[in-house]
Each structure stands twice: as structure tokens, then as C-alpha cells.
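Each chain, letter by letter, is given below.
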Amino acid sequence: MFKKLTALVLTLLLCVAFVGCGDNANTPKDNDTNNEEPTPSINDILSNATVGSTITFGKYDIDKSTEEKEDLEWLVLDKQDGKLFVISKYVVETGNYYDDLPWEKSKLRSWLHNDFTPATFSSEESEKILNTRVENTGYEGDIIFEKRYDPTDDKVYIPSFSELKKYGLSTESFAADDESRIAYTFDGQACSWLLRNTTSKANGFCRLTKTGVYYFSSANYGDTGIRPVMWLSYN
């Protein structure tokens, strides 16, 4: 009887030991999920950005090869008082948007407000886009016209000549080629792009050519690139 009890106890102990070993073998030494870096918040992305760096903000079908949206990249032109001023790294669209003058009445301004912005930014991202008082003037050569139009309040808009100069996207006369002013499509093709300044020539708007030279665009010029700008808050 004693031998049977002893054998039974030993059998039970072996079973317990076996189960314990099995649990230890199946338990990972390190929890992989704890080693994964957390996804940075929008506020972290904006607050950690520096002038000259590139951030991703919003999604848009920029490559046109599929119907899927790509992350939009933006160049940081200025950082001050909890705000960033950014311009799209690539041309987001090409088209003929100027059918009314001045900027306040243009089809492009309406498209940026009513189509591009809601299609590109989440509700959380939209809350980071600041409303900006935008000054609107005419331009020809290197002389700002005395004629001024009413300022507008915009969240997403296109830059002016004075903003290009102020934020370093102009190193030469606007009559000369300037690599810093050349815009590119997502697939790397140089593209002329529009500015919001009006010009006395052809009753149109200013644009920069594929080599970065100032030129004018009449209202029916044809396809020209769009590079939006905006102020973002990270407070």
C-alpha cells in the first residue's frame, strides 16, 4: 500500500513539473509589443519639426497611378510661437483654375477650400490648420504693384512672391533661373506653378516656369501646378 501511494505521489509531482515546464516554454522572455515604439501624435510631429525639414500631413491621390491616397509631404519654411508655415513638397494638382480675378474670386481658392481640404485632412488634422489673413497684391518683374486687393482669410492657399522671398524660396532675381523655385510633380517632372499675385499682362496671374523664372498666366493659359501653403498650430 505504501509503495502504491508513493508511486501515485511521484506521478502527480511529475505531471505538475511537466505542466510547469510547458508553460515556461510557451511564455516569451520578452513581450514584443512592449518593444514597439508608439506612433507619434500629430502634435508631436509638428512640434518636433525644424525649418528645412519635411513632415507628412494629410493624404491625397498625388501620384494619379491608383485611386489610393498617398501621405502628403510638406517642407517646413518657418517655425515660431507654436506654429509652422509649410508648403507642399510636390505639385498636388495641375489644371486651369483661374477663371475670375482677383484671388478672392478665383476658382482655385474655392477648390482649395471646398474640395482639396476636406478630401485631404482628417478632422484632427483640420483642427491644426490656422485661419490666416492673406494680403493680395499685383506683381510684375521685381516691382510690387501699388494696386492692392482686399485681404482674404484662408486656411489653405497658394504663396505670393513676397512670401517666397521671406521664407527663402528665392535666391535670385525673378527674371533669372532659380533652382530653389522649381516645382516638381510626384514622379519627378519639373512643372510651372501658380502664385496668387495678379499681373497686368493678359489680365492673369503670376506663375513660375519650369526653370523658376517669373512669368504671367492668362486666365486660359492651361495646366499649371498647384503647391498649397498653410500655417499649422501645435499648441
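Residues numbered from 1 in each chain as written. Predicted model: local features only at pLDDT ≥ 70, side-chain atom pairs only at ≥ 80, totals over all residues. Heavy atoms only, no water.

## Quick word on the overall build of the chain
To keep things clear, this is the line we draw: Here a strand is any run of E in DSSP of at least two residues, a helix any run of H or I of at least four, and the numbering for each starts at the N terminus. For the exposure calls, accessible area comes from a 1.4 Å probe over protein chains only, and a residue counts as buried if that area is under 20% of its type's maximum, exposed if over 50%, partly exposed in between. Between two residues, a contact is recorded if the distance between any of their heavy atoms is within 4.5 Å. Computed with a 1.4 Å probe, the accessible areas rest on the Shrake-Rupley method; for each residue, only the protein chains presented here act as cover.
For the chain, the helix and strand inventory stands at six helices and 13 strands. Burial status across the chain gives 41% buried among its 235 residues. Restricting the contact set of the chain to residue pairs at least 6 apart, pairs at least 24 apart contribute 62%. Summed over its atoms, the accessible surface of the chain is roughly 13,400 Å², and 51% of this surface lies on carbon and sulfur atoms.

## A closer look at the sheet that holds strand β13 (residues 229-233)
Operational definition: A pair of strands counts as paired when DSSP detects no fewer than two bridges linking them. Note on geometry: axes are lines fitted to C-alpha atoms, helical ones only across the stretch in contact, with angles between N-to-C directions running from 0 to 180 degrees.
Pairing is antiparallel in the open sheet, where four strands are placed in the order β1-β2-β3-β13. For this open sheet the edge positions go to β1 (54-60) and β13, each flanked by a neighbour on one side alone. Averaged over all pairs of adjacent strands, the angle between strand axes in this sheet comes to 40°, irrespective of strand direction. Judged from the five bridges that link them, β1 and strand β2 (residues 70-80) form a sheet pairing that is antiparallel.

## What about empty space enclosed by the protein?
We apply this condition: Only protein atoms enter the 1 Å grid used here. Points where a 1.4 Å probe fits but cannot escape make up a cavity, open sets with protein on both sides within 12 Å along at least five of seven lines make up a pocket, and a residue lines them when an atom lies within 4 Å of a point. Grid points are joined across faces, edges and corners, and a volume is the space filled by probe spheres set on the points. In this classification, the charged set is Asp, Glu, Lys and Arg, the nonpolar set is Ala, Val, Leu, Ile, Met, Phe, Trp, Tyr, Cys and Pro, and all remaining amino acids, among them Gly, are polar.
In this structure the tally under the stated criterion is two cavities of 30 Å³ or more. Of the volumes computed, that of the second largest cavity is approximately 30 Å³. Taken together, the residues that form the lining of the second largest cavity break down as eight nonpolar, no polar and one charged.

## Concerning the confidence of the model for the chain
Condition: pLDDT expresses, on a scale from 0 to 100, how confident the predictor is about each individual residue.
Per-residue confidence for the chain gives a mean pLDDT of 79; residues scoring 70 or more make up 71%. Element-level mean pLDDT values for the chain span from 45 in helix α1 (residues 2-26) up to 98 in β13. Within the model, the stretch residues 1-30 combines pLDDT values under 50 with one contact to residues more than four positions away or in other chains.

## Considering the nonpolar core
Keep this limit in mind: Within this scheme, the nonpolar core is defined by two criteria: the residues are buried Ala, Val, Leu, Ile, Met, Phe, Trp, Tyr or Cys, and they are joined through side-chain atoms within 4.5 Å.
The biggest cluster of nonpolar side chains holds 47 residues, and the ones touching the most others in it are Ile 55, Phe 57, Phe 116 and Met 230. The contact partners of Phe 116, leaving out residues within four places of it in the chain, are Tyr 60, Leu 72, Val 92, Trp 111, Phe 121, Val 156 and Pro 228.

## A few points about the layout of surface pockets
Of the pockets and cavities examined, the largest pocket occupies roughly 330 Å³. If you go around the largest pocket, you meet 20 residues; those closest to its centre are Arg 133, Glu 135, Glu 163, Lys 166 and Arg 196. The set of elements that each furnish at least two residues to the lining of the largest pocket consists of β3 (83-88), β5 (132-140), β6 (143-154), α6 (161-166) and β9 (193-199). Residue contributions to the lining of the largest pocket peak at five residues, all from β5. Considering only residue class, the lining of the largest pocket consists of seven nonpolar, six polar and seven charged. Approximately 160 Å³ is the volume found for the second largest pocket. Listing elements by their share of the lining of the second largest pocket, those giving two or more residues are α3 (42-48) and β1. Classifying every residue of the lining of the second largest pocket by side-chain character gives three nonpolar, four polar and three charged.

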